Amino acid sequence: MQAIRNMEPAWEKVQGRKFALLQKVYNLPNGGTKLTPYYSLTKTECLYIATKFNDEARATRSTRC
């Protein structure tokens, strides 16, 4: 989550929008609930994030453009 948050400003600068941050509610055994944040990403957003972690994939992608 923190790595995606760190990448978000660059994505927002180019795309003009942030990643979609949502929350899921889980029911706990003790009767309580827990909110868990998650990102709902498009295929393009997933590829952007994945290539930030993989230098070889990023190099391959840049040669195909």
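Please refer to the structure placed before this passage.
Rules behind the numbers
- Residues numbered from 1 in each chain as written.
- Predicted model: local features only at pLDDT ≥ 70, side-chain atom pairs only at ≥ 80, totals over all residues.
- Heavy atoms only, no water.
- Helix = DSSP H or I, 4+ residues; strand = E, 2+ residues; numbered from the N terminus.
- Buried < 20%, exposed > 50% of the residue type's maximum accessible area, 1.4 Å probe, protein only.
- Contact = heavy atoms within 4.5 Å.
- Areas by Shrake-Rupley, 256 points an atom, 1.4 Å probe, with all protein chains shown as cover.
- Core = buried A, V, L, I, M, F, W, Y, C linked by side-chain atoms within 4.5 Å.

Enquirer: For this particular structure, what's the right way to read the overall build of the protein?
Expert: What the protein contains, in helices and strands, is 3 helices and 2 strands. Counting helices and strands in the order they occur from the N terminus, the protein gives α-β-β-α-α. In the protein, buried positions account for 15% of the 65 residues. Partitioning the intrachain contacts of the protein with sequence separation of at least 6 by distance along the chain shows that 33% fall at a separation of at least 24. Accessible surface, the protein as shown: approximately 5,300 Å² in total, 53% of it carbon and sulfur.

Enquirer: Hey, could you run me through the environment of Tyr 38 in this one?
Expert: Mapped onto the secondary structure, Tyr 38 falls in strand β2 (residues 33-40). Separated by 14 residues in sequence, Tyr 38 and Lys 24 place their C-alpha atoms 7.5 Å apart. When sequence neighbours within four positions are dropped, the list of residues in contact with Tyr 38 reads Met 1, Ala 20, Leu 21, Leu 22, Gln 23 and Lys 24.

Enquirer: In this structure, what is going on with the nonpolar core? I would like to understand it.
Expert: Soluble globular proteins: nonpolar side chains tend toward being buried together. Core analysis: the biggest nonpolar cluster contains 7 residues, these being Ile 4, Met 7, Trp 11, Phe 19, Tyr 39, Tyr 48 and Ile 49. Elements supplying a minimum of two residues to this core: α1 (2-15) and α2 (43-53). Per-element accounting of this core gives the leading share, 3 residues, to α1. Here Met 7 is in contact with Tyr 48, Ile 49, Lys 52 and Phe 53, once residues within four sequence places are set aside.

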